[in-house]
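Structural overview for review
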Amino acid sequence: MSDYFEEMGWTPLAHGEAPNHLIQMARFLRDLGMWDLLGENEKLPPPASKSAVNNLEEIQIGSGETKQCPVCLKDFEAGNKAISMPCRHAFHSECILPWLEKTNSCPLCRYELPTDDEDYEIYRKEKRRAVEREKDLETLHSSMFS
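Keep in mind that what you see is a predicted model, and the values were worked out from it rather than measured.

About the cut-offs
- Residues numbered from 1 in each chain as written.
- Predicted model: local features only at pLDDT ≥ 70, side-chain atom pairs only at ≥ 80, totals over all residues.
- Heavy atoms only, no water.
- Salt bridge = Lys/Arg side-chain N within 4 Å of Asp/Glu carboxyl O.
- Helix = DSSP H or I, 4+ residues; strand = E, 2+ residues; numbered from the N terminus.
- Buried < 20%, exposed > 50% of the residue type's maximum accessible area, 1.4 Å probe, protein only.
- Phe/Tyr/Trp six-rings, centres within 6.5 Å; stacked < 30°, edge-to-face > 60°.
- Patch = residues over 30% accessible without salt bridge, like charges linked within 9 Å, V, L, I, M, F, W, Y side chains within 5 Å.
- Areas by Shrake-Rupley, 256 points an atom, 1.4 Å probe, with all protein chains shown as cover.
- UniProt positions renumbered as here; feature names shortened; annotations may be inferred.
- Expected span 1.5 Å × (residues − 1).
- Polar contact = N/O pair within 3.5 Å; in protein donor to acceptor, adjacent residues only side chain to side chain.

Close approach of charged atoms lets side chains of opposite charge pair. The tally for this structure, following the rule as stated, stands at 6 salt bridges. Across the pair E57 and R88 runs a salt bridge whose closest N-O atoms are separated by 3.2 Å. Of this pair, E57 sits in strand β1 (residues 57-60) while R88 sits in the loop between β2 (81-84) and β3 (90-91), and the two are 31 residues apart along the sequence. With relative accessibility at 53%, the residue R88 sits in the exposed group. As a salt-bridge pair, E132 and R129 come within 3.2 Å of each other at their nearest N and O atoms. You can see E132 and its partner R129 sitting in helix α6 (residues 118-144), 3 residues apart, about one turn around the helix. Judged by its relative accessible area of 35%, R129 falls in the partly exposed class.

Written as structure tokens, this is what we have:
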């Protein structure tokens, strides 16, 4: 029969070794709900996944179109190609690709592409579910008191 430390994959403190008080304080703040108030639950978005970037649609700029790239503010030249995000915003490839190597969102509307970071994807699902729960509670409240 294994003990608590083996089940959790931990090793007990060695003789004379002190516990890490910062980890204990972080757990304490998280358990009290203070972690959210400190803003530690906000994660910076990681880069977009390589497969999502490779699957972005390349569009041909027509001769009658007068669009400009929102990043460099230069007009698209007729006959050139641009990269279109799923949110339908178009960019020069040399403008949007370096951006997507740093973050996974559209620079204009913050539409998020998938990432390769599993922790961030879980965080996104939890955040989306929290918004859904708020809407459900509002609907429930409205149906009870209207």
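What follows is about the packing of aromatic side chains. Across all of its chains, the model carries 1 aromatic pair by this definition. Each ring, one from Y120 and one from Y123, has its centre 5.7 Å from the other, and the planes form 45°; the classification is tilted. Of this pair, Y120 and Y123 are both found in helix α6, 3 residues apart, which corresponds to roughly one turn of the helix.

Side chains of M25, F28, L32, M34 and L37 sit close together on the surface and give an oily, nonpolar patch of about 540 Å² of accessible area. Of all the secondary-structure elements, those providing two or more residues to the nonpolar patch are α2 (21-32) and α3 (34-37). By relative accessible area, F28 is classed as partly exposed at 47%.

Here the UniProt-annotated "domain: RING-type" (unreviewed entry) positions come out as residues 69-110. Helix makes up 19% of residues 69-110 and strand 14%, and the two end C-alpha atoms of the span are 16 Å apart.

Compared with the 39 Å implied by 1.5 Å per residue over 27 residues, the 39 Å span of α6 between its first and last C-alpha is a close match. Three or more residues of α6 are buried, namely Y120, Y123 and R124. Here α6 starts with a cap whose side-chain oxygen sits 3.1 Å from the backbone nitrogen of D119, and that cap is D117.

Positive phi values are uncommon outside glycine, yet L73 reaches one of about 65°. Residue position: L73 is located in the loop between β1 and β2. Residue classification places L73 among the exposed residues on the basis of a relative accessible area of 56%. Although it is not a glycine, R110 sits at a positive phi angle of roughly 65°. Within the secondary structure, R110 is located in the loop between α5 (93-100) and α6. What makes R110 partly exposed here is its relative accessible area of 49%.

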